[in-house]
Amino acid sequence: MQGRPDMAILEGRALRSREHRIARASIHSREARVKVQLGARQSERHLEQALEASRRFERWSLEDALTGIANRRAFEIALADRLPGAVADFRPLTVAMIDIDHFKAVNDGHSHQAGDRVLKAVAQLLVATVRERDVAARLAGDEFIVLLNDADEATAAEIVARIQNA
């Protein structure tokens, strides 16, 4: 461009224009990258929230709402899970059914709130009395059930006697 200042000026303007386009494209590229990263983080948070909600719903589906112990569904799942192994290995598996005597009289004579407190107390008593590997569950109303793993007749009788005494 020597000796041709007008061409040098035009070429300089074109160069600056290209530099501005490149700078704008770079900014847009960074913005797009940041948006993608933010979207990924937001998706991760949504996934974590969905997984936590799923765990919470699963726990609720297996837990008695009033007493906080296993419900009938959880008991049935535990029984279905443990029964085949007990049969295959010739290990004892015992089921103890518990019914609160005269429970209707508690509800009728003292209120359903008092009855709820009794159910909660019985549930906590069961959890505290049975072994860690056993499953205590509320079937319905005032009926509870306990799955006693590896409990022969004598062991089951001992555990049931502890429950009755408690």
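Look up a bit, the structure's there.
A brief look at the structure comes next. (Residues numbered from 1 in each chain as written. Predicted model: local features only at pLDDT ≥ 70, side-chain atom pairs only at ≥ 80, totals over all residues. Heavy atoms only, no water.)

## Examining the pattern of salt bridges
Inference 1: Within the structure shown, the criterion is met by ten salt bridges.
Inference 2: Here the salt bridges share partners, and the residues they tie into one network are Glu 52, Arg 55 and Arg 56. (Salt bridge = Lys/Arg side-chain N within 4 Å of Asp/Glu carboxyl O.)

## Some remarks on the packing of helix α4 (residues 112-129) against helix α5 (residues 153-165)
Inference 1: Taken N-terminus to C-terminus, the directions of α4 and α5 make an angle of 140 degrees; their axes are 10 Å apart at the nearest point. In terms of orientation, α4 lies oblique with respect to α5. For α4 against α5, the interelement crossing comes out right-handed. Here α4 contributes Leu 125, Leu 126 and Thr 129 to the contact with α5, which in turn contributes Ile 159, Arg 162 and Ile 163.
Inference 2: Here the contact of α4 with α5 is composed, by residue class, of four nonpolar, one polar and one charged. (Axes fitted to C-alpha atoms, helices over the stretch in contact; angles between N-to-C directions. Helix = DSSP H or I, 4+ residues; strand = E, 2+ residues; numbered from the N terminus. Parallel < 35°, antiparallel > 145°, perpendicular 65-115°, else oblique. Left-handed = near helix turned anticlockwise from the far one by under 90°. Contact = heavy atoms within 4.5 Å. Nonpolar A, V, L, I, M, F, W, Y, C, P; charged D, E, K, R; others polar.)

## A look at the nonpolar core
Inference 1: Within the largest apolar cluster, 18 residues are counted, with the highest numbers of intra-cluster contacts made by Leu 126, Phe 144, Val 146 and Leu 148.
Inference 2: Those elements that provide at least two residues to this core are β2 (93-99), α4, β4 (143-149) and α5.
Inference 3: With four residues, α4 is the largest single contributor of residues to this core. (Core = buried A, V, L, I, M, F, W, Y, C linked by side-chain atoms within 4.5 Å. Buried < 20%, exposed > 50% of the residue type's maximum accessible area, 1.4 Å probe, protein only.)

## Brief notes about the side chain of Asn 107
Inference 1: The topology assignment puts Asn 107 in helix α3 (residues 103-110).
Inference 2: Residue classification places Asn 107 among the buried residues on the basis of a relative accessible area of 15%.

## Describing the environment of Arg 73
Inference 1: With respect to the helices, strands and loops of the structure, Arg 73 is situated in helix α2 (residues 72-88).
Inference 2: On the accessibility criterion, Arg 73 (43% relative accessible area) is partly exposed.
Inference 3: Placed 22 residues apart in sequence, Arg 73 and Val 95 show a C-alpha to C-alpha distance of 15 Å.
Inference 4: Dropping the residues within four chain positions of it, Arg 73 is found in contact with Ser 61 and Leu 62.

## Observations regarding the layout of surface pockets
Inference 1: Considering only enclosed or pocket space, the largest pocket measures out at about 200 Å³ in volume.
Inference 2: In terms of lining, the largest pocket is formed by 13 residues, of which the most central are Ile 98, Asp 99, Leu 126, Ile 163 and Gln 164.
Inference 3: Those elements that provide at least two residues to the lining of the largest pocket are β2, α4 and α5.
Inference 4: For the lining of the largest pocket, the class distribution of residues is ten nonpolar, one polar and two charged. (1 Å grid on protein atoms, 1.4 Å probe; cavity = no way out; pocket = protein on both sides within 12 Å on 5 of 7 lines; lining within 4 Å. Points joined across faces, edges and corners; volume = space filled by probe spheres on them.)

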